Each structure stands twice: as structure tokens, then as C-alpha cells.
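Each chain, letter by letter, is given below.
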Amino acid sequence: MKKFIATLMIAVIFMGAACPQTQAKKKESSNAAIALMEKYDREKGVEYIKISGFLLGIAKMAARGEEDGEILKHLDCMAVFSAENADAGIREQFFGELNGMMAGYEKAVEVNDSGEDMTVWFKYMDKDNISEMIMSTESEGAVIVMCGRLPVSVLEEMAETM
């Protein structure tokens with residue numbers, strides 16, 4: 001699965017750079033996705049963590065000089081959600097709500113291969129920068145949200161070195 005996700009991310013970065021970019025219409029949508037994660041965090045079998053401010057600062061310092069740490073310099077917050085151990089009804093309801101709030105995002109990639117799926121959405125702040133990247137896999141019940149000012153050029157460079 002790790003190799004699948006790494007390959008997918010390379011494809012997403014190149015497709016995102018090649019596709020027409022869309023402008024972000026509302027700033028609160030990442031907050032809405034994170035608020036949705038927080039709402040479901042109380043459910044049995046759900047795990048959620050939001051990394052912002054102080055912890056991202058520590059990660060940025062620790063990653064200085066590291067090739068893979070380049071993206072951290074551009075992040076303001078990151079949230080990770082897992083409903084892998086939650087009831088199927090809870091997962092279905094969560095992903096229904098999440099998918100319903102993706103208006104204004106560009107679906108960069110959607111892959112379904114042998115029961116494993118991955119969807120990646122970008123929200124552009126301008127043609128050269130992504131303000132939000134949301135990656136989800138319904139089959140594994142997981143979502144990662146990254147917010148900040150992510151230069152497309154940095155993502156392209158990372159993809160080339162993978």
C-alpha cells in the first residue's frame with residue numbers, strides 16, 4: 001500500500017501542475033473538513049489528531065536539511081483522521097458529509113485498484129500555490145488534510161526525487 005500511495009502522490013503532483021487550476025472561493029472549507037473530523041472524533045473506533053502551531057514548528061526544525069522535510073516549511077496545519085475501526089455506518093456517513101463539502105476543490109486524482117482507493121483534492125489560492133490538499137481513502141477509512149501555502153514547484157521537485 002505504501003508503494004501504491006507514493007506512486008499515486010507522484011501522479012497527483014504532476015497532474016495538479018498540468019491541469020487548469022481553480023481559485024479558492026471560501027477560506028473556511030479546510031476548517032469545515034477539520035470540524036467534521038472533530039465532530040466524528042467522539043465516535044467509537046475513530047482516531048483524530050490535528051497538528052498545528054507549536055508541533056509543526058518542532059517538526060520544521062527537526063526536518064531542516066532533510067530532503068523530505070521541504071514541504072513542512074509550507075504547512076500551517078495538518079490533520080489526520082482514521083475511522084478504520086469504526087462501524088461501517090459511521091464511516092459511510094462521515095465520507096458522505098466529506099464528499100458533500102468538496103465544492104470549490106479540484107479533484108486531482110481518483111483511483112480504485114483492487115478494492116484500494118485514494119482520492120486527492122486540491123484547493124488553489126492562485127495558479128502557483130495550493131492552499132489545501134485533502135487525501136482520502138474510503139476503503140481504509142482515512143483522511144489527511146494539509147493546509148498552508150504549498151508551492152506547486154516544491155511538490156513537483158519532491159515528485160522528481162521520489
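Definitions and limits used
- Each chain carries its own residue numbering, running from 1 in the written order of its sequence.
- Only residues with pLDDT of at least 70 get local features here, since the model is predicted, and only at 80 or more are side-chain atom pairs given and counted; chain-wide, interface and lining totals rely on the full set of residues.
- Working from all heavy atoms in the structure, the side-chain values ignore hydrogens and water.
- A pair of aromatic rings is counted whenever rings of Phe, Tyr or Trp (Trp by its six-membered ring) have centres within 6.5 Å, and the orientation is called stacked for planes under 30 degrees apart, edge-to-face for over 60 and tilted otherwise.
- Numbering of helices and strands runs from the N terminus; a helix is a DSSP stretch of H or I covering at least four residues, while a strand is a stretch of E covering at least two.
- The buried label applies to any residue whose accessible area, calculated with a 1.4 Å probe on protein chains only, is under 20% of its type's maximum; exposed applies above 50%, and partly exposed to all values in between.
- Throughout this description, the term charge over a ring refers to an Arg CZ or Lys NZ atom that lies within 6 Å of the ring centre and within 35 degrees of the ring normal.
- One less than the number of residues in a helix, times 1.5 Å, gives the span that helix is expected to have.
- This arc corresponds to the set of directions leading from the helix axis out to the C-beta atoms.
- Residue-level confidence of the predictor is what pLDDT reports, using numbers from 0 through 100.
- Pairs of strands are assigned from DSSP output, requiring at least two bridges between the strands.

### Quick word on the packing of aromatic side chains
Per the stated rule, a full pass over the model turns up 4 aromatic pairs. Aromatic pair Tyr40 and Phe94: ring centres 5.4 Å apart, planes at 85 degrees, arrangement edge-to-face. Of this pair, Tyr40 sits in helix 2 (residues 29-40) while Phe94 is found in helix 4 (residues 88-100), placing the two residues 54 residues apart along the sequence. Taken as a pair, Tyr40 and Phe94 share a single burial class, namely buried. Ring geometry for Phe94 against Phe95: centres 5.1 Å apart, planes inclined by 90 degrees, an arrangement best described as edge-to-face. Judged on exposure class, the residue Phe94 and its partner Phe95 are both buried. For the cation-ring pair, Lys123 lies above Tyr105, with the distance from its terminal atom to the ring centre recorded as 4.5 Å.

### Focus on helix 4
Taking 1.5 Å per residue as the helical rise, helix 4 with its 13 residues ought to reach 18 Å, and the 18 Å between its terminal C-alpha atoms agrees with that figure. Within the sequence span of helix 4, burial applies to Ile90, Phe94, Phe95 and Leu98. Angular distribution of buried residues about the axis of helix 4 spans 120 degrees; they occupy a single face of the element. Those residues of helix 4 that are exposed and aimed more than 90 degrees away from the buried face are Ala88, Glu92 and Gly100.

### Things to note about the confidence of the model for the protein
Here the protein averages 81 in pLDDT, and 79% of its residues register 70 or above. Mean pLDDT values for the elements of the protein range from 48 in helix 1 (residues 2-18) up to 96 in helix 4.

### Comments concerning the pairing of strand 5 (residues 129-137)
Of all 9 residues making up strand 5, 9 are buried, and the element is well covered by its neighbours. Of the pairings in the sheet, the one linking strand 4 (residues 116-126) to strand 5 comprises 7 bridges and is antiparallel in character. The partner of Asp126 across the bridge, within strand 5, is Asn129. Hairpin geometry of strand 4 and strand 5 is characterised by an intervening segment of 2 residues between the two adjacent antiparallel strands. Of the pairings in the sheet, the one linking strand 5 to strand 6 (residues 142-151) comprises 8 bridges and is antiparallel in character. Following the sheet pairing, Met135 is matched in strand 6 by Ile144. Hairpin geometry of strand 5 and strand 6 is characterised by an intervening segment of 4 residues between the two adjacent antiparallel strands and by a positive phi of about 65 degrees at Gly141.

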